[in-house]
Every structure is written in structure tokens, then in C-alpha cells.
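Report on the structure
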Amino acid sequence: MTDIKDTTLRGVNLLRNPWFNKSSAFTEKERDELGLRGLLPPRVSTFDEQVTRLKGIIDTYEKPINKYIVLEGAHNSDECLYFELLVRYIDQFLPIVYTPTVGQACLQYSHIFRYARGLYVSSEDKGRVRQLVANVPHKDVDIIVVTDGQRILGLGDLGVNGMGIPVGKLALYTACAGVNPQKTLPVCIDVGTNNEELLNDPLYMGLRQKRITGPEYDALIAEFVDAVRERWPNVVIQFEDFHNSHAYDLLDQYKDKVPCFNDDIQGTASVVVTGMFSAMRALKQQLKDQKVLFLGAGSAATGIAHLIADAMVEEGLTREEALARIKLFDSKGLVTKKRTAPLTPAKMPFAAEDAPAETFLEAIREIKPTAIIGVSAQGGAFTKECLEEMAKINERPIIFALSNPTSKAECTAEEAYTYTDGRCLFACGSPFKPVEYKGKTFVPRQGNNHYVFPGIGLGAIFSRAKLIPNEVFLVAAKVLADMVKPEDLERGSLYPALSEVREISAEIGAAVAGYIFDKNLAEIEKPADLKKAVKDAMWDPKHAHFIQE
Ligand SMILES: NC(=O)C1=CN([C@@H]2O[C@H](COP(=O)(O)OP(=O)(O)OC[C@H]3O[C@@H](n4cnc5c(N)ncnc54)[C@H](O)[C@@H]3O)[C@@H](O)[C@H]2O)C=CC1
Ligand SMILES: CC(=O)C(=O)O
Ligand SMILES: [Mg+2]
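Residues numbered from 1 in each chain as written. Chains lettered and ligands numbered in written order. Predicted model: local features only at pLDDT ≥ 70, side-chain atom pairs only at ≥ 80, totals over all residues. Heavy atoms only, no water.

The name an unreviewed UniProt entry assigns to the protein is Oxaloacetate-decarboxylating malate dehydrogenase, from the organism Parasutterella excrementihominis. On record in UniProt, under Sequence similarities (unreviewed entry), the comment for the protein is "Belongs to the malic enzymes family." (UniProt positions renumbered as here; feature names shortened; annotations may be inferred.)

Spelled out as C-alpha cells, the structure:
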């Protein structure tokens, strides 16, 4: 037997270490030689038996949040077992460790907290972030997901409670793309919170202060980026769920210096462009002929809008023509050049000359979009009237209700199919069950960055990318689109089944790595068979052997 794990841990310390613990699966010989004899029930379990046992425990809980708590228990006691469960039952457990339940977990984070995981950097740590980073037990870290908790899904400012998101995203890196969990690090930057409810919650675990911002904030982030790069020079940094007021600034500041990306701006754009490509296949139309109206004009909307424009330009439009086909409607109405407050550089290119509409419904009537894309965190904002209007204007309207968690979705799948008389092409941010409408079963799938960020990160890690160019997000969108089968489209699915996600991530990983190699942005030699090399590099959840049997 090869691959013998080397650890100095013995006895109970081994059982308490989630990277090495096999619990009841430690073999007779391991129990003898590692000081475990007597610390476990006598019969050795198989891995399958352990999976069955854990699944059985989780299945006894009805409330998703309780399933989350039990799953996190497993995450923190035996990572292999946790990830095997996720991989085997991805459809069942993704909605628990990710949206929507992770949203609930973040809301309650300081009340359900049991195990510390990852790295917390607070504004009180200014000047000593290197010491904090030195305390991290990981030898190597390939990828960090970092948030400051200010825009957690569509739930707003959750301060340090936002740590649930980096933890969940990194769980997907391992389950969906085979990134070694021992080389992943969730990070929460705590600069305070402006959420009064949390500030008044006696159990809240973050700093009890209003958020710091400005130069002090920038300096803390810079100190953090420098410290992690000093210890792990190739580490990929994924910025996640930062408020719009910081998201673009951070990306602009670091994208040409370190291998990083903003998942909400760039990962989301990639997955939504895939959804549009699939819709084009179903409609037998081209992207360059669409008119897209967004509800929301923040990080996600502008990221998507720019990548859709890029894809339209690839189809032959000039940039000006492409931009003119896209409009944004935000909390102040249609984004126009007539606004008194200056528009952000991300919004500016899409600004209409004038505001012919006060409400979103009026905007639909006026602009006559072929697609509406909701990234506004306004649950129910795609009203019956909006959906009916879209169905009046279009034979097959494109309706993407992408806000998370489910409570923030602009409409449900059922509403979308019902109010468009079963004619719409629909995608959602959080999962919805299949919908029966007039004898047909529609299977809505998620236009959620989870289809792409694990593969993009995998490609960047594999190639030891120096930088992550924006073009890879269109590369990933095309790879994912190619994996959508005619049978998927038949059922109204604009994305492949989640059960294929490891294959999807391997394909995206290879394509992204290929792009990075070709642009001379890789720090290693390109292997002859890149796809095989990427696949071979993926980590599988299998318990280690500690002793030659
Ligand atoms: N499906 C997916 O993969 C992703 C979904 N999202 C979701 O998109 C939502 C927005 O995320 P971000 O763009 O990062 O947030 P953001 O805060 O940057 O943008 C929100 C936008 O919604 C607008 N808005 C607020 N109230 C509105 C109203 N009543 N009517 C019209 N517009 C309104 C705001 O003006 C702003 O432009 C969140 O719910 C998030 O969960 C974000 C990233 C990925
Ligand atoms: C999916 C995601 O990244 C978000 O809702 O923020
Ligand atoms: Mg996000």
C-alpha cells in the first residue's frame, strides 16, 4: 500500500484532528501503533458504513439549519467523511452548506458557533497581521476566500457572521473541484458592522464597533494581502461578498498584482453568460440580438453586463452597439446619464440618455427587453405583472432571478413558468424544485457562480497563475455552455446537472489553466496532457493510511 500519511499525532490528538481523524475507521494495526486502542468502539467501520451513519444522523433532522450544524460538526471532526458525503449527495447537501441554508447559518452564526475555522483578522490586529498568519496551522495554502461580511448574499451587513460564506465556498472548492481542503483557508476581515441588531446582540462574536473605512480599511486589507503572500507566494485570493463600495476598488487594486478575482463580479458574470448561451441555443438566436434589462446595478449586475457585452462584441457588434443593448434599473430607477449623483465607472457605460420609466414594469414596457436579470436582493420584485408583460413582448422571455438566498429571489420558478404560460427560459440563484405546468415538467437550474468558481480556482492553482485575467471568465462560460446537453434544454435547464460538477470543474480548470499557460502567466511548465494532469491533481476524499498493512 502506498501513500502512507506521516504525522506525529498520536492517540486522542489524532482523533481530534479533522485532517487525519478516521474515527471508527482506524484499522486494528493503526489502533495499536498510534495509541488508539481502547479509545474507539471495538469494531472497525468501513468508510461506506461511516457515510451511511452520518447521512442517517443528518436525515433525522428536519430543519435545514440543524442539518447544517451537524454537517459542520463533521467538517470539523473528519474532513474526508464530510467531503465524501458532499460528493455523493451533492444535490441534497449543496443547499445546506451553500445557499440558501448558509444564509440562515450566517444570520445565526454567533449563536450556533461551535468550532473555530479559518483566519479572523480584525481592525485591532493592525500591525500584527503577519503574526496571525504565522499561527495558521496549514503548511501550504493554495486558495483563500476572504470576505469582510458587508454584503452577505442578499442579507446585507452581517459582520463577522459572514465567515460562513468563505467556509461554504471553500467546501465547494473541495467537493466540486477536488481542491485539497488542507490547502484552503477561509478568512474574515472584521472591521466592525453597521448592523444595529448584531451590535446589540450579546452573543455577537465580532468587534462591537461601526465599520471602519477609508485609508485605515485599505491599509488593513493591504497588510493582510502582503502577509498571506509572504507566507504562501502563489496563493489565489477570491474576494467574496464585499459591499459594492469596496468590491471594484479591491479588484482594481489587486488584479494586476496578485492572482485574485472577485467572485460576485466575475464568477457570476461567467455563469450568467453560460445561461444566456444556453438560452440562445434553445431560442436558436444570437446574443447580439438580445435586449437585456437588469434589476440591480451593483457588483453582480455590472459584472454580468460587461461580460455579456464582451460576448456580443465577439459575435460582431461594436462595443457601443453592445452596450446600447443593455440597461440597468436600480433602487433609484433606470440608470441614466441625467442622474445628479455621479455614476460609478462600472455603471456609466450602460446609462440610458433619459428615464422614460419610473417603475420596473414601466421600464419593461418601454425598453421591451428579451431578458430580465434580477440581481437586486429584492425578493418578489419580478411581479406577476412584470412576468406577464415579458411574456406579452416575447414568445420565449428569458427570466433570471438570481438573488440569494431564496427569500431574496426576484421570483420563484413556479411564478416564472406560471405567469409566462410555461414559455420562459428560467434560471435561479438558489435552488428551486422542478415545476409541473400544463403537463410539462420544468427543471430549473441555478445560475449560480458555484458552477464556475471552483474550476476557475482549480485552473489558477494548477498553473500557479501569476494573475487571473478577466478573459478566463468568458473561457469558463463557454466550457460550461458546451456541457449543457440537448436533454437539459428540453427540460428547461440552462445548466448541466450538479452531479456532473467535478467533471465540469476539471474541464473548466483545464481550459483556464490552458489560457494562463498560453499567456505566459503560469509559474510551472505546461504538461503535455493538460486535461489529464488537472484531473490527476484533484483531491479525492479518501481516508489516509497511516501504517503499512
Ligand atoms: N446567483 C449568483 O451566482 C449570484 C447572486 N448574487 C446576488 O445578487 C444580489 C446582489 O448582489 P450584488 O450585486 O453584489 O449587490 P450590490 O449591493 O452591489 O447591488 C444591489 C443592487 O440592487 C439595487 N437595488 C436595491 N434595491 C432595489 C430596488 N428596490 N429596486 C431595484 N434595484 C434595487 C441596488 O441599487 C444595487 O444596484 C444578492 O442577492 C446576491 O446574493 C450575487 C452574486 C452571485
Ligand atoms: C452566489 C453568491 O456569490 C452570492 O449570492 O453572493
Ligand atoms: Mg457571493
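1. Concerning the coordination of the magnesium ion (ligand 3)
On the protein side, the magnesium ion (ligand 3) has E240 (OE), D241 (OD) and D264 (OD) as donor atoms, found 2.1 Å from it. Mapped onto the sequence, the donors of the magnesium ion (ligand 3) take the spacing E-D-x22-D. A residue pair is termed long-range when its members are at least 10 positions apart, and E240 in the loop between β4 (236–239) and α13 (244–254) and D264 in helix α14 (residues 263–283) qualify at 24 residues. (Donors = N, O, S within 2.8 Å, 3.2 Å for Na, K, Ca; no water. Helix = DSSP H or I, 4+ residues; strand = E, 2+ residues; numbered from the N terminus.)

2. Observations regarding the pairing of strand β11 (residues 425–428)
Here β11 shows two buried faces, one formed by L425 and A427 and the other by F426 and C428. Pairing between strand β10 (residues 398–401) and β11: 4 bridges, direction parallel. Bridge pairing in β11 links I399 to F426. A crossover links β10 with its parallel partner β11, the connecting element being helix α19 (residues 413–419), and its sense is right-handed. When β11 meets strand β14 (residues 445–446), the two strands line up parallel, connected through 2 bridges. Paired with C428 across the strands is Q446, a residue of β14. (Buried < 20%, exposed > 50% of the residue type's maximum accessible area, 1.4 Å probe, protein only. Pairing = 2+ DSSP bridges. Right-handed = clockwise from strand over helix to strand, strands pointing away.)

3. Looking at unusual backbone geometry
What you tend to see is this: most non-glycine residues have negative phi, and most peptide bonds are trans. In this model, T99 is joined to P100 through a cis peptide bond whose omega is 10 degrees. A cis amide bond, omega -10 degrees, links N404 with the succeeding residue P405. With respect to the element layout, P405 can be found in the loop between β10 and α19. Of note in this structure, A377 is not a glycine but carries a positive phi near 60 degrees. Structurally, the position occupied by A377 is in the loop between β9 (371–374) and α18 (384–393). You can call A377 partly exposed: its relative accessible area is 22%. Non-glycine residue N520 carries a positive phi angle of around 55 degrees. By the secondary structure assignment, N520 is in the loop between α23 (501–518) and α24 (530–536). Given a relative accessible area of 61%, N520 falls into the exposed group.

4. Points about the domain arrangement of the protein
Taken domain by domain, the protein holds domain 1 (98–257), domain 2 (264–447) and domain 3 (448–535). A separation of 29 Å is found between the C-alpha centroids of domain 1 and domain 2. Each side of the interface is counted separately: domain 1 has 14 residues, and domain 2 has 17 residues. Summing both partners gives a buried area of about 1,100 Å² for domain 1 against domain 2, and 56% of it is carried by carbon and sulfur. For domain 1, the biggest contributors to the area lost against domain 2 are T99, G154 and Y248; these three give 41% of the whole. Our enumeration of links across domain 1 and domain 2 arrives at 1 salt bridge. In this structure, R151 engages D264 in a salt bridge whose closest nitrogen and oxygen atoms are separated by 3.0 Å. When its residues are assigned to classes, the side of domain 1 that touches domain 2 shows 8 nonpolar, 3 polar and 3 charged. (Domains from an automatic or database assignment. Contact = heavy atoms within 4.5 Å. Buried area = accessible area lost by both parts, 1.4 Å probe. Salt bridge = Lys/Arg side-chain N within 4 Å of Asp/Glu carboxyl O. Nonpolar A, V, L, I, M, F, W, Y, C, P; charged D, E, K, R; others polar.)

5. Looking at α23
With 18 residues, α23 extends 25 Å between its outermost C-alpha atoms, agreeing within 8% with the 26 Å of an ideal straight helix rising 1.5 Å per residue. When you tally the buried positions in α23, you get 15 out of 18 residues, the bulk of the element. (Expected span 1.5 Å × (residues − 1).)

6. Considerations on the packing of aromatic side chains
Under the criterion given, the structure shown has 16 aromatic pairs. On the basis of an interplanar angle of 85 degrees and a centroid distance of 6.2 Å, the ring pair of Y89 and F93 is categorised as edge-to-face. Overall, Y89 belongs to the partly exposed group, its relative accessible area being 29%. Ring geometry for F329 and F360: centres 5.5 Å apart, planes at 70 degrees, overall edge-to-face. Here F329, found in strand β7 (residues 326–330), pairs with F360, found in helix α17 (residues 360–367); they are 31 residues apart in sequence, far enough to count as distant. For F360, a relative accessible area of 7% corresponds to the buried category. Ring pairs connect the aromatic residues Y417, F426, F432 and F442, which therefore count as one cluster. (Phe/Tyr/Trp six-rings, centres within 6.5 Å; stacked < 30°, edge-to-face > 60°.)

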